[in-house]
Each structure stands twice: as C-alpha cells, then as structure tokens.
Amino acid sequence: VQLQASGGGLVQAGGSLRLSCAASGRTFSNYNMGWFRQAPGKDREFVSAISRMGDNTHYQDSVKGRFTISRDSAKNTVYLQTNSLNAEDTAVYYCAARTGWFTATLWTLGEVNSWGKGTQVTVSS
C-alpha cells in the first residue's frame, strides 16, 4: 500500500493541526494504520495506531488526551488530530500500515509493512 501524509506545518504552542494520510494501491481495510514521529537527533517513535475496522486505538503516553487517531474507509484516509501542541511534539510525522491482528502495544519499526513520506510539524513556543 502507498501512503501519502500531509497536514503538517508551523503552529504556536497550544495550537492544533490535523494530519492526514491517504492510502492507495491495496485494500485499505486490510491494514491497521499508525503514526510515528522523529524529532531531530532522536529515533523514530510510535505515536498512535488504529485497527482495521477503526474500533480500537492505542496511544503513546505522552500524547494521550491530546491526540486522536481516526480513519475514513470511504476516503482511504487516516487522520491524526493533534491538540495542545508543545515544543516536544516538533518532529517529522510518518504514517504507517501494518497487517495482522491489532494489539494495544507500541509498534516497533520492524512491524510496519509500509511507510509514507513524512510531514513536518513545528511547534513554536
């Protein structure tokens, strides 16, 4: 599956952005979808994931209560609504697709089947 992320930008601390990731090439409903991010000088880290049918979600502790993941099967798109952004959220955000059973655990890089190109989120303080 091919993934294309968008929606990043420059935002002030406390602001919001909605990231989108459009999927093509394969049956969207076959994939659990997720978001990772990579800050400068740091490893890529798991942010959030949603199951194939959209009935289960999971978040990294630092974004719980601030970020919301969702998916629209009619549009083959997964979203990440990011609220109350702070400087620590500054990173390149990547969408990811993974087959198999959904589990409420932090995805590892090796578990991802497809990656999208990233979208930059910069939070100014």
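Cut-off values and rules
- Residues numbered from 1 in each chain as written.
- Predicted model: local features only at pLDDT ≥ 70, side-chain atom pairs only at ≥ 80, totals over all residues.
- Heavy atoms only, no water.
- Salt bridge = Lys/Arg side-chain N within 4 Å of Asp/Glu carboxyl O.
- Helix = DSSP H or I, 4+ residues; strand = E, 2+ residues; numbered from the N terminus.
- Disulfide = S-S within 2.5 Å.
- Buried < 20%, exposed > 50% of the residue type's maximum accessible area, 1.4 Å probe, protein only.
- Pairing = 2+ DSSP bridges.

Caption draft 1: Looking closely at the pattern of salt bridges. In the structure shown here, the tally under the stated rule is 5 salt bridges. With its nearest N and O atoms 3.4 Å apart, the salt bridge here joins Arg98 to Glu111. Of this pair, Arg98 sits in strand S9 (residues 91–98) while Glu111 sits in the loop between S9 and strand S10 (114–115), and the two are 13 residues apart along the sequence.

Caption draft 2: Spatial organisation of the state of the cysteines. Applying the stated criterion across every chain, the model contains 1 disulfide. The disulfide that involves Cys21 links it to Cys95, with 2.1 Å between the sulfurs. Disulfide Cys21-Cys95: torsion about the S-S bond near 55°, hence right-handed. Of this pair, Cys21 sits in strand S3 (residues 17–24) while Cys95 sits in strand S9, and the two are 74 residues apart along the sequence.

Caption draft 3: Representation of the environment of Trp35 within the structure. Looking at the element boundaries, Trp35 is found in strand S4 (residues 32–38). Given the relative accessible area of 0%, Trp35 is considered buried. Sequence separation of Trp35 and Asn86 is 51 residues, and the distance between their C-alpha atoms is 18 Å.

Caption draft 4: Just the pairing of strand S8 (residues 77–82), in detail. Burial analysis of S8 places 5 of its 6 residues in the buried class, which makes it a mostly covered element. For S3 and S8, the ladder comprises 6 bridges, and the chain directions are antiparallel. Paired with Arg18 across the two strands is Gln81, which belongs to S8. In textbook terms, the turn of a hairpin is the stretch between consecutive antiparallel strands, and for strand S7 (residues 67–72) and S8 this stretch comprises 4 residues, one of which, Asn76, has a positive phi near 50°.

Caption draft 5: Looking closely at unusual backbone geometry. You will see that Asn76, though not glycine, has its phi angle at about 50°, which is positive. For Asn76, the position within the fold is in the loop between S7 and S8. Here Asn76 falls in the partly exposed class, since its relative accessible area comes to 27%. A positive phi angle, close to 50°, is found at Ser84, a residue other than glycine. Within the fold, Ser84 resides in the loop between S8 and S9.

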